[in-house]
Structures are given as structure tokens and as C-alpha cells.
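Results of the structural survey
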Amino acid sequence: MEFKEVAEKRRSVRSFEQKEIPKEDIEEIIEIGHTAPSAGNRQARDFILISDQKEKEKLVENAYGQSFIAEAPWVIIACAHQKRSAERYGERGRDLYSIQDASAAVENILLAVVDKGYASVWIGAFEEEKVKVQLDIPEGVRPVAILPIGYPDETPTAPKKMDADELTHHGEW
Ligand SMILES: Cc1cc2nc3c(=O)[nH]c(=O)nc-3n(C[C@H](O)[C@H](O)[C@H](O)COP(=O)(O)O)c2cc1C
């Protein structure tokens, strides 16, 4: 697929078919995620890969009952490694760059998912402390996105978005 087609085709999908996806595909998707830029090349991001049904159901509980998480064969938790960035950049690394490093990878992952014929949604609404405990995430690392990945079982229409013109300030705000 052409890049523009992939970008335009990507939609937040919240219903997945009960159909397996090979682990190698998900590992390749993570590799593509990890080609994203990172501040000072610190690569302040880590990924947790989950396929265990019980863990997925616990994630549903910790994400305010977003039940579609448990429908997907795979779930990636993208984490910001705050400590890795803070070692070089201090507070800015901890509070900003690490989140950006992880988020840049998340967007790459979402696009790679579409390119492979699968679907996902960026889930940011979850109880962070509970997810940290559930997945044994160490101090200095922050889960920033839960990404269920599966075959789409719905074709959402594109939500209305503002024109890029409205958001673009030429020369100054
Ligand atoms: C930071 C962030 C957090 C989000 N959290 C959730 C979420 O918890 N649950 C959900 O269903 N969608 C979530 N979304 C998806 C958005 O609702 C979705 O991107 C938006 O409605 C636009 O639709 P589109 O992705 O199809 O363009 C989140 C998206 C972002 C970028």
C-alpha cells in the first residue's frame, strides 16, 4: 500500500474477529514501531507483548471495561522509559522526551498494523498504577498506550476532523 493510503485507511477499530495472527507479524510490527525517532537516540520506550487471555481480561478491568481489548489475539503495551531519557536529559527527558519516544513508536505501530491488513486502537484511558502492578512494570517506566491488535470486525467511517488549514498557523500563531 502507498503510504498515504495506509495513513488514510487507519481507523480506531474496537471490534475484532476471533482469528489468530502469527507472533512473527506482531514482532515485525514492533520492529517497525521501533524505527521511529527518539530524543538523542535514547530509544526511551519498551513494549510488553500479551496474548494470555486472563491477562487481557485483567487489562479490560484496568481500562474501565473496554471489553474489546480481550477480543484481540495480541495486545501491545507501549511504555515510556522515563529513566533512560532522564539519565541524559533530566526532567525534560523524564516528562516529555520519553513520552514522545513511546508515542512516535505507537503511531508507527498503528500504521504498520494497517499495512499488514490488521487493525488496532490507541487506548489511553486506563488505571496506570493498576496496569503497572499487573504487568510488573518497574519504577521509572510508564505505560502510555494499550494497543489491541487483530483482524477488524467493523469498518468505522472516518470521524469528522478539522481542516488542517484551521490548525496551521503560517509564520506565527
Ligand atoms: C492519546 C489517545 C488516547 C486514546 N484513548 C482511547 C481509549 O481509551 N479508548 C478508545 O476507544 N479510543 C481511544 N483513542 C482513540 C481515539 O478515540 C480516536 O483516535 C479518535 O476518536 C479519532 O478516530 P480515528 O483514530 O479513527 O481517526 C485514543 C487516542 C489517542 C491518540
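Residues numbered from 1 in each chain as written. Predicted model: local features only at pLDDT ≥ 70, side-chain atom pairs only at ≥ 80, totals over all residues. Heavy atoms only, no water.

Things to note about the packing of helix α2 (residues 23-33) against helix α4 (residues 82-115)
- Contact geometry for α2 and α4: axes closest at 7 Å, N-to-C directions at 135 degrees. By the angle between their axes, α2 is oblique relative to α4. Like other packed secondary-structure pairs, α2 and α4 cross with a definite hand, here right-handed. Contact residues: I29, I32 and G33 in α2; A105, N108, I109, A112 and V113 in α4. (Axes fitted to C-alpha atoms, helices over the stretch in contact; angles between N-to-C directions. Helix = DSSP H or I, 4+ residues; strand = E, 2+ residues; numbered from the N terminus. Parallel < 35°, antiparallel > 145°, perpendicular 65-115°, else oblique. Left-handed = near helix turned anticlockwise from the far one by under 90°. Contact = heavy atoms within 4.5 Å.)

Observations concerning the packing of helix α3 (residues 53-62) against helix α5 (residues 128-135)
- At a closest axis distance of 9 Å, the pairing of α3 and α5 adopts a crossing angle of 165 degrees. By the criterion of interaxial angle, the relationship of α3 to α5 is roughly antiparallel. Taken as a pair, α3 and α5 cross one another with a handedness that is right-handed. Residues E55, K58, L59 and N62 of α3 form the contact with α5, whose own contacting residues are K130, V131, Q134 and L135.
- The class makeup of the residues in the contact of α3 with α5 is three nonpolar, two polar and three charged. (Nonpolar A, V, L, I, M, F, W, Y, C, P; charged D, E, K, R; others polar.)

Some thoughts on the site of the ligand
- In the region of the ligand, 13 residues are neighbours, and R11, S12, R14, Q66 and K161 sit closest.
- Here R11 contributes a side-chain N or O atom positioned 2.7 Å from an oxygen atom of the ligand.
- With respect to the ligand, the backbone of G124 contributes an N or O atom lying 2.9 Å from a nitrogen atom.
- Alone, the ligand offers 620 Å² of accessible surface; in the complex the protein occludes 62% of this.
- Across the shell around the ligand, the residue classes break down as six nonpolar, three polar and four charged. (Near = heavy atom within 4 Å. Polar contact = N/O pair within 3.5 Å; in protein donor to acceptor, adjacent residues only side chain to side chain. Areas by Shrake-Rupley, 256 points an atom, 1.4 Å probe, with all protein chains shown as cover.)

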